[in-house]
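# A closer look at the structure
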Amino acid sequence: MRPEDLLRPMPEGLYCPPGDFYIDPVRPVERALVTHGHADHARPGNARVMATGQTLDIMALRYGEEFCAERQVAELGEKIRIGDVTVSFHPAGHVLGSAQIAVDWKGTRIVASGDYKRRADPTCLSFEPVPCDVFITEATFALPVFRHPDTVAEIGKLLDSLRHFPERAHLVGAYALGKAQRVIKHLRDAGYDEPIYIHGALKKLCDYYQSQGIDLGVLKPATVEGGKKGDFSGAVIVGPPSAFADKWARRFPDPVASFASGWMRVRQRARQRGVELPLIISDHCDWDELTETLDELAPREVWVTHGREEALLRWCELRQMRAKPLHLVGYEDEAE
Ligand SMILES: [Zn+2]
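Residues numbered from 1 in each chain as written. Predicted model: local features only at pLDDT ≥ 70, side-chain atom pairs only at ≥ 80, totals over all residues. Heavy atoms only, no water.

As annotated in an unreviewed UniProt entry, the chain carries the name Ligase-associated DNA damage response exonuclease and is attributed to Jiella pacifica.

Here's what the structure looks like:
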């Protein structure tokens, strides 16, 4: 048996013929298994969806309760039979609820890791290495130039700036699912206990994280109705990056524009976006995390997807590890 008989790329997404399901389909299908709630992996309109309870909750928050006809909760580590195949979900360390999906059939196991990272994140469970024959890895930051610095030190830059510019509002761009809550939680863990102001687009997900036991402290809406610009002097305001381009952002006094993203490693990107205070905080593996994970798992074969595949394929080749690109389309690393 070839592993391609168990999982193969199709226009709809990664398809499992013996189980007749798709993993993270980009088009509506009869049965979907979903790794996590980011919009490029979790889409509405499938008939049946299996995912962790948190991912299902997040999909319902984003798309409404009718996002699919039938939901099935996958408990972490539980073996679930689908047709001739056994599947199990394991923490991926990417965002709340994120999971790798292990697919077992006739003595072969493939792990589709979705998006993942290895460094500590106080808002989700850590990545669990699952021994496998084939490991499917993302390659969002798969170039040796991408080495994400220590997250606590990046948060320290934001706290330093607040001390140096106590009159200026600090606007932090961070994606609505995962990154925003992680930035807030890291600030709290660093001892920052002032209220943090959030854009309306973040409210539902921040409330959900709090309901799941992740203490984000006091969050207030970043609205100025009846107020004055000065109300936000020295405040931290977190919003989705898209909000920073519109007039929402101009209501704040002499703002420091910040952005939390793995892409902030590229100075030109920070400059193009007018980011004064880039924070290199990523929910994806950097180069070292990717290669250390492959070393640790030592799978028979590596399949590389959505990102910069070439350097990682070359790295595998040099270590005589079998590897191939998967050429899946439709994944846009929303969270970065
Ligand atoms: Zn993601």
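Okay, back to it.
Within the secondary structure, Asp115 is located in the loop between strand 10 (108-112) and strand 11 (134-139). Residues Asp115 and Pro144, 29 residues apart in the sequence, show an inter-C-alpha distance of 18 Å. If sequence neighbours within four positions are ignored, Asp115 has contacts with His36, His38, His41, Ala92, His94, Glu138, His284 and His306. (Helix = DSSP H or I, 4+ residues; strand = E, 2+ residues; numbered from the N terminus. Contact = heavy atoms within 4.5 Å.)

Attention now moves to the domain arrangement of the chain. By domain assignment, the chain separates into domain 1 (3-144 + 284-325) and domain 2 (151-279). At the interface, 19 residues of domain 1 touch 17 residues of domain 2. Between domain 1 and domain 2 the total buried area reaches about 1500 Å² when both faces are included, carbon and sulfur atoms providing 69% of it. The largest contributions to the domain 1 side of the interface with domain 2 come from Leu61, Pro122 and Thr123, which together make up 35% of the buried area. For Asp121, the salt bridge is made with Arg182, and the minimal N-O distance between the two is 3.7 Å. Its residues assigned to classes, the side of domain 1 that touches domain 2 comprises seven nonpolar, six polar and six charged. (Domains from an automatic or database assignment. Buried area = accessible area lost by both parts, 1.4 Å probe. Salt bridge = Lys/Arg side-chain N within 4 Å of Asp/Glu carboxyl O. Nonpolar A, V, L, I, M, F, W, Y, C, P; charged D, E, K, R; others polar.)

What follows is about the packing of aromatic side chains. Summed over the entire model, instances satisfying the criterion amount to nine aromatic pairs. With a centroid separation of 4.9 Å and 90° between ring planes, the pair formed by Phe232 and Phe252 is classed as edge-to-face. One end of the pair, Phe232, is in the loop between strand 14 (219-221) and strand 15 (236-239); the other, Phe252, is in the loop between strand 15 and strand 16 (256-260), and 20 residues separate them in sequence. There is no split in this pair, since Phe232 and Phe252 are both buried. Members of the aromatic cluster, connected to one another through ring pairs, are Tyr116, Phe127 and Phe135. In this structure, Arg168 packs its charged tip against the face of Phe165, placed 5.2 Å from the ring centre. Over the face of the ring belonging to Trp303 we find Lys324, whose NZ or CZ atom lies 4.5 Å from the ring centre. (Phe/Tyr/Trp six-rings, centres within 6.5 Å; stacked < 30°, edge-to-face > 60°. Buried < 20%, exposed > 50% of the residue type's maximum accessible area, 1.4 Å probe, protein only. Lys NZ or Arg CZ within 6 Å of the ring centre and 35° of its normal.)

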